[in-house]
Amino acid sequence: MKLLKRVLRWVTAAILLLLLLALLAGFIAYWRSTNDCKRYTAAPTSPMKAIVYCDYGVANLKLEDIEKPVPNDDQILVRVRAASVNPYDWHFVEGTPYIMRAMGVGLRKPKDTRLGVDFAGTVEAVGKDVTQFKPGDEVFGGRGGAFAQYVCPRATRAVALKPANMSFEDAASVNIAGITALQALRDKGKVQPGQKVLINGASGGVGTFAVQIAKSLGADVTGVCSTRNVDLVKSLGADHVIDYTKEDFTKSAKRYDVMLDNVGNHSLSECKGVLTPAGKYVLIGGGGAGDQGFLGGLGKALWAMVFSKFVNQQMGMMMADANQKDLTVLADMMQSGKLKPVIDRTYKLEQVPDAIRYVEQGHARGKVVITVE
Ligand SMILES: NC(=O)c1ccc[n+]([C@@H]2O[C@H](COP(=O)([O-])OP(=O)(O)OC[C@H]3O[C@@H](n4cnc5c(N)ncnc54)[C@H](OP(=O)(O)O)[C@@H]3O)[C@@H](O)[C@H]2O)c1
């Protein structure tokens, strides 16, 4: 008995010591966490304007003169004419959900101090291995650091020729939201003509693309939005619109083959309840800037992985994969008039903090665009 007690004491002490060491390591890692902001103190030899942030928080976003990028052999130099804002951007600005920080985004300070992804602009120079583009081409796509006068995407990645009939503002709004809507409906939802599709959050960035893409796939589309957006969602082609301030779609008897969830404001069992027996629930995201906590929307995504094992329907999250092929699919749809981006507001590059604050409120109507001079 005495020996058992002694062993228990040692095991407890060892566990406590390990916990203490882990805490200490976390504390040291937190305070050592830093970024490359010092490089912005030196005057750039070939300057361009860009939004940078050395610490988390919208108040720390600054418009600075920084070094203009030079394309590598496989990159193109794009003069950015417009960019667009996504919830993705405020996740990085705020460093939330906090698990992101532990996953490499930067514990105390953002490791990557540049912001923005979606852009449209004109090719100014190409690397020596680039064959797809030439100077003068008008392109659109996604590349980190897009809230700037120049970006250097790799020519084979998320960049495609902009349709001639499209403005830079429209083209800049496409990458994340359009690709997400396309891949969620076509690849994850496998939407077939005649199927019933429900889009929760039909009036936002992803939703406005999703309504139009679901229609072009031949679906019978129901969009969920608030009163002020009912006409907008109808004008995008939705067959039915549910005003969430008046009606809760999870209480209705109507069943859907595919539900796209851009809001995540209903439980998984409520969402399962609106699906047909072989229906699919595709979680895109959800949760406002103010309620991210440690896991944010990832909590629901993890729960969906478990939950879906016990139900007949397929339920899970999808992560968009921006690529040239799908940007070209979207470009073709826009060129032929099947898809038209919805622009809510336009801000200038120096107004990026205001644009981020607006998108953080969670009530954008379509996309918020940044114009770059
Ligand atoms: N998984 C991925 O790869 C991926 C890719 C892109 C985006 N996302 C995530 O997907 C989510 C949506 O992105 P987004 O770009 O569409 O965001 P967004 O543009 O900020 O969406 C705002 C829209 O949400 C609507 N909304 C708010 N509360 C609602 C409710 N209770 N019911 C229905 N609609 C509601 C708002 O309409 P009202 O003003 O009418 O309320 C507004 O139009 C975000 O969480 C984002 O982080 C994930």
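Procedures and definitions
- Residues numbered from 1 in each chain as written.
- Predicted model: local features only at pLDDT ≥ 70, side-chain atom pairs only at ≥ 80, totals over all residues.
- Heavy atoms only, no water.
- Helix = DSSP H or I, 4+ residues; strand = E, 2+ residues; numbered from the N terminus.
- Rg over C-alpha atoms; globule rule 2.2 N^0.38 Å.
- Buried < 20%, exposed > 50% of the residue type's maximum accessible area, 1.4 Å probe, protein only.
- Pairing = 2+ DSSP bridges.
- Axes fitted to C-alpha atoms, helices over the stretch in contact; angles between N-to-C directions.
- Right-handed = clockwise from strand over helix to strand, strands pointing away.
- 1 Å grid on protein atoms, 1.4 Å probe; cavity = no way out; pocket = protein on both sides within 12 Å on 5 of 7 lines; lining within 4 Å.
- Points joined across faces, edges and corners; volume = space filled by probe spheres on them.
- Nonpolar A, V, L, I, M, F, W, Y, C, P; charged D, E, K, R; others polar.
- Salt bridge = Lys/Arg side-chain N within 4 Å of Asp/Glu carboxyl O.
- Phe/Tyr/Trp six-rings, centres within 6.5 Å; stacked < 30°, edge-to-face > 60°.
- Lys NZ or Arg CZ within 6 Å of the ring centre and 35° of its normal.
- Parallel < 35°, antiparallel > 145°, perpendicular 65-115°, else oblique.
- Left-handed = near helix turned anticlockwise from the far one by under 90°.
- Contact = heavy atoms within 4.5 Å.

Caption draft 1: View of the overall build of the protein chain. The secondary structure content of the protein chain amounts to eleven helices and 15 strands. Its C-alpha radius of gyration of 23 Å places the protein chain within 12% of the 21 Å reference for a compact globule of 373 residues. Projected onto its principal axes, the C-alpha coordinates of the protein chain cover approximately 85 × 65 × 40 Å. Classification of the 373 residues of the protein chain by burial places 49% in the buried group.

Caption draft 2: Representation of the sheet that holds strand 8 (residues 196-200) in the model. One open sheet holds the six strands; their spatial order is 10-9-8-11-12-13, and the pairing between them is parallel. Two strands in the sheet have a free side with no partner beyond their single neighbour: strand 10 (240-243) and strand 13 (314-317). Strand-to-strand, the axes of this sheet are offset by a mean angle of 15 degrees, without reference to chain direction. Sheet topology places strand 9 (residues 220-225) next to strand 10; four bridges connect them, and they run parallel. Bridging across to strand 10, G223 finds its partner in V241.

Caption draft 3: Representation of the pairing of strand 9. For strand 9, the tally of buried residues reaches five of six residues, placing the bulk of the element in the interior. For strand 8 and strand 9, the ladder comprises five bridges, and the chain directions are parallel. Bridging across to strand 9, L198 finds its partner in T222. Remark: the strand 8/helix 6 (residues 205-216)/strand 9 crossover connection has right-handed handedness.

Caption draft 4: Summary view of the layout of surface pockets. The volume enclosed by the second largest pocket comes to roughly 310 Å³. Lining the second largest pocket are 18 residues, and of these R39, I66, E67, P69 and R114 sit closest to its centre. If you tally residues by element for the lining of the second largest pocket, the top one is strand 2 (residues 61-67), at three residues. In terms of residue class, the lining of the second largest pocket is made up of nine nonpolar, three polar and six charged.

Caption draft 5: Fine view of the pattern of salt bridges. In total, this model carries 15 salt bridges according to the counting rule given. A salt bridge links D55 to K109, with the nearest nitrogen and oxygen atoms 2.9 Å apart. Note that D55 is positioned in the loop between strand 1 (47-53) and strand 2 and K109 in the loop between helix 3 (99-105) and strand 4 (118-126), a separation of 54 residues in sequence. Between D73 and K128 there is a salt bridge whose closest N-O contact spans 3.7 Å. Of this pair, D73 sits in the loop between strand 2 and strand 3 (76-85) while K128 sits in the loop between strand 4 and strand 5 (138-142), and the two are 55 residues apart along the sequence. What makes D73 partly exposed here is its relative accessible area of 39%. When salt bridges with common partners are traced through the structure, they connect D73, K128 and D129 into a single cluster.

Caption draft 6: Quick peek at the packing of aromatic side chains. Under the defined criterion, the tally for this structure stands at two aromatic pairs. Relative to F92, the ring of Y88 lies with its centre 4.8 Å away and its plane at 45 degrees, an arrangement referred to as tilted. Separated by four residues within a single helix, Y88 and F92 lie in helix 2 (residues 87-94), roughly one turn from each other. The exposure class of Y88 is partly exposed, given its relative accessible area of 41%. On the basis of relative accessibility, which here comes to 25%, the residue F92 falls in the partly exposed class. Here R79 stacks its cationic end above the ring of Y150, 5.6 Å away from the centre of that ring. Looking at K162, its charged tip hangs above the ring of F168, at a distance of 4.9 Å from the centre.

Caption draft 7: A look at the packing of helix 5 (residues 175-188) against helix 6. Contact pair helix 5 / helix 6: the axes reach a minimum separation of 8 Å and the direction vectors enclose 45 degrees. With respect to each other, helix 5 and helix 6 are oriented oblique. The crossing of helix 5 and helix 6 is right-handed. From helix 5, A177, G178, T180, A181, L182 and L185 reach across to helix 6, where they touch G205, V206, F209, A210, I213 and A214.

Caption draft 8: Local environment of unusual backbone geometry. Looking along the chain, the bond that leaves T96 and enters P97 is cis, with omega of 0 degrees. In this fold, P97 is placed in the loop between helix 2 and helix 3. Phi angles above zero are rare outside glycine, and K190 is one such case at about 45 degrees. Along the chain, K190 falls in the loop between helix 5 and strand 8.

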